[in-house]
Amino acid sequence: MKLVIANKNHSSWSLRPWLLLTQFGIPFEEVLIPFAQAFDDPEWKRAVSVFSPGGKVPALIDGEIQVWESLAILDHIADTCPELAIWPRDPAAKAMARSISAEMHAGFSALRSACPMNLAWVHPPKDRGAKVAADVARISTIWRDARARFGAGGPFLFGAFSAADAMFAPVTARFTGYSIPLDPVCTAYVDAVQATRGYQSWRLGALAEPWIIAEDEAQEPVITDFRPHLSRSRALS
Ligand SMILES: N[C@@H](CCC(=O)N[C@@H](CS)C(=O)NCC(=O)O)C(=O)O
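Residues numbered from 1 in each chain as written. Predicted model: local features only at pLDDT ≥ 70, side-chain atom pairs only at ≥ 80, totals over all residues.

Caption draft 1: Inspection of the overall build of the protein chain at higher detail. A tally of regular secondary structure across the protein chain gives nine helices and six strands. Relative to the 2.2 N^0.38 estimate, which gives 18 Å for 237 residues, the radius of gyration of the protein chain is 17 Å and therefore close to what a compact globule would have. In the protein chain, buried positions account for 38% of the 237 residues. Within the protein chain, counting contacts between residues at least 6 apart in sequence, those at least 24 apart form 69% of the total. (Helix = DSSP H or I, 4+ residues; strand = E, 2+ residues; numbered from the N terminus. Rg over C-alpha atoms; globule rule 2.2 N^0.38 Å. Buried ≥ 20, exposed ≤ 12 C-beta atoms within 10 Å, placed from the backbone. Contact = placed C-beta atoms within 7 Å.)

Written out as structure tokens, the structure is:
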């Protein structure tokens with residue numbers, strides 16, 4: 001399988017299938033087509049469209065089969081590897097895992113646009129408005145419910161790592177990157193996702209990248225700069 005992605009520092013959608021494949025030890029070839037300066041670069045679109053009819057990443061090439069849209073890719077991986085519990089096995093857990101993953105795929109646009117994923121910076125907390133607060137509250141409820149109902153077997157939403165955790169992994173990066181306060185259950189979940197071998201490896205790749213994408217570099221003070229060699233002039237708060 002070949003997984004087509006963009007910048008690890010910026011492409012939150014790319015992280016989802018990459019993390020799933022990595023956590024489950026499924027071999028794949030990574031094809032990284034970087035945004036050099038902006039998301040709407042026509043050269044980038046042309047290169048990506050060879051693999052992805054919608055002209056977006058991620059895309060998965062499995063022999064003759066092309067799959068795009070992160071959630072469809074996770075389902076394709078689950079179909080291809082039925083011996084692995086990509087989705088939880090228990091029907092009630094699986095139904096919830098699929099529902100919250102679809103909710104993630106379709107929603108939380110206020111949080112996503114106010115707090116673009118960028119692993120290079122940690123920004124101080126601030127009031128980001130009622131819509132972002134509502135997204136954070138809903139995500140926290142989802143995480144607490146999943147952990148309480150199905151999380152007994154491990155530190156992830158359904159105990160063992162599953163596709164649902166891959167879907168929410170970029171949200172954990174937004175929460176830590178923008179210092180969004182969480183309750184202890186959600187904080188422990190964020191820590192568990194970010195401690196995975198896959199997330200750590202993605203993060204190291206992200207921090208080694210040279211690209212700065214203006215629209216994803218929040219014009220906010222920075223508490224921690226993980227790419228000091230690339231720093232723009234910023235006032236530390
Ligand atoms: N719904 C899509 C979203 C994919 C997406 O928006 N990817 C971004 C990169 S993180 C992209 O390709 N942006 C370029 C563009 O929109 O032209 C999915 O789940 O895969």
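Caption draft 2: Examining the domain arrangement of the protein chain more closely. Taken domain by domain, the protein chain holds domain 1 (2–80) and domain 2 (91–202). Relative placement of domain 1 and domain 2: their C-alpha centres are 21 Å apart. Between domain 1 and domain 2, the contact holds 16 residues from the first and 18 residues from the second. Broken down by secondary-structure element, the contributors of at least two residues to the side of domain 1 that touches domain 2 are helix 1 (12–23) and helix 3 (70–80). Partitioned by chemical class, the residues of the side of domain 1 that touches domain 2 number eight nonpolar, six polar and two charged. (Domains from an automatic or database assignment. Nonpolar A, V, L, I, M, F, W, Y, C, P; charged D, E, K, R; others polar.)

Caption draft 3: Structural view of the environment of Trp 211. Within the fold, Trp 211 resides in the loop between helix 9 (197–207) and strand 6 (224–225). The class of Trp 211 is partly exposed, set by 16 C-beta atoms lying within 10 Å. Sequence-distant contacts of Trp 211, defined by excluding residues within four places in its chain, comprise Asn 7, Pro 34, Phe 35 and Ala 36.

Caption draft 4: Region of the structure containing the site of the ligand. Residues in contact with the ligand amount to 14 residues; listed here are only the nearest, Ser 11, Trp 13, Lys 56, Val 57 and Ser 70. Looking at the shell around the ligand, the elements with two or more residues in it are helix 1 and helix 3. When residues of the shell around the ligand are assigned to their parent elements, the largest contribution, three residues, is made by helix 1. In terms of residue class, the shell around the ligand is built from six nonpolar, six polar and two charged. (Near = placed C-beta within 6 Å.)

Caption draft 5: Here's a closer look at the nonpolar core. Residues Leu 19, Leu 20, Ala 146, Phe 158, Ala 163 and Ala 164 are the most contacted members of the largest nonpolar core, which totals 63 residues. With nine residues, helix 7 (residues 163–177) is the largest single contributor of residues to this core. When residues are assigned to domains, this core turns out to be shared by domain 1 (2–80) and domain 2 (91–202), each giving three or more. The contact partners of Phe 158, leaving out residues within four places of it in the chain, are Pro 88, Ala 93, Ala 97, Ala 146, Phe 150, Gly 151 and Ala 164. (Core = buried A, V, L, I, M, F, W, Y, C linked by C-beta atoms within 7 Å.)

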